[in-house]
Amino acid sequence: MKTVAEQPSAIRSYYEGLAKGVFCAVTCKACGGYTFPPTGCCEHCGSWQVEPAELSGEATLLFATHNISPACHPRFEKIAPYVYGHLRLKEGPIVQAIVLGINANPHDLQQLFERGPVLAKAEMLQMDDLPVLAFRIAG
Ligand SMILES: [Zn+2]
């Protein structure tokens, strides 16, 4: 088994995968749970016996809102105001991400709420120098 120092960086693997539209996680050999974004240990049981895994990118939107303050970093100003939310990945973890396919206004968010659970698919947004995880809701 490789030492922690010999293992590739989970963060580097995450961003290199995301830049190619691949959604990298880890799965636990002890409990089978998925950890996303990937880390060196399992978020469910704490085991260090994790291995790389690729997610489907399929998710269900649980919560959505939009920002009313300026974007948190200049790289996001070109898409502000934007919708973000919490999504449950098909593999289990819940993530917070930008939500695409809906306008950031109360009327459209109300219509989204009335649709109930909405399916979404992960995609990569290239924001200047950083690939960013986003989810596009199903039409
Ligand atoms: Zn585990």
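Computed from a prediction, not measured in an experiment: that's the story for all the values here.

S.K.: How would you explain the coordination of the zinc ion if you had to name every residue and give the values?
M.R.: Looking at the metal site, the zinc ion is ligated by Cys28 (SG), Cys31 (SG), Cys42 (SG) and Cys45 (SG), spaced 2.3 to 2.4 Å from it. Written as a sequence motif, the donor arrangement for the zinc ion is C-x2-C-x10-C-x2-C. Of the residues examined, Cys28 reaches a relative accessible area of 6% and is grouped as buried. Looking at Cys31, the relative accessible area reads 42%, which means it is partly exposed.

S.K.: For the domain arrangement of the protein, give the residues involved together with the corresponding values.
M.R.: Looking at the assigned domains, one finds that the protein contains domain 1 (4-54) and domain 2 (58-137). If you average the C-alpha positions of domain 1 and of domain 2, the two centres end up 23 Å apart. Approximately 850 Å² of surface area, both sides summed, lies buried where domain 1 meets domain 2, with 80% of it carried by carbon and sulfur atoms. At the junction of domain 1 and domain 2, the tally comes to zero salt bridges. Linking domain 1 to domain 2 there are zero residue pairs in polar contact (both at pLDDT 80 or more).

S.K.: Lay out the packing of aromatic side chains in plain terms, naming residues and giving numbers.
M.R.: Under the definition given, this model contains three aromatic pairs. Considering the side-chain rings of Tyr14 and Tyr15, the 4.9 Å spacing of their centres and the 80° angle between planes classify their relative orientation as edge-to-face. The interplanar angle of 45° and the centroid separation of 6.2 Å between the aromatic rings of Phe76 and Tyr82 together place this pair among those described as tilted. Here Phe76 falls in the buried class, since its relative accessible area comes to 10%. An aromatic cluster of at least three residues, connected via ring pairs, comprises Tyr14, Tyr15 and Phe36.

Definitions and cut-offs
- Residues numbered from 1 in each chain as written.
- Predicted model: local features only at pLDDT ≥ 70, side-chain atom pairs only at ≥ 80, totals over all residues.
- Heavy atoms only, no water.
- Donors = N, O, S within 2.8 Å, 3.2 Å for Na, K, Ca; no water.
- Buried < 20%, exposed > 50% of the residue type's maximum accessible area, 1.4 Å probe, protein only.
- Domains from an automatic or database assignment.
- Buried area = accessible area lost by both parts, 1.4 Å probe.
- Salt bridge = Lys/Arg side-chain N within 4 Å of Asp/Glu carboxyl O.
- Polar contact = N/O pair within 3.5 Å; in protein donor to acceptor, adjacent residues only side chain to side chain.
- Phe/Tyr/Trp six-rings, centres within 6.5 Å; stacked < 30°, edge-to-face > 60°.

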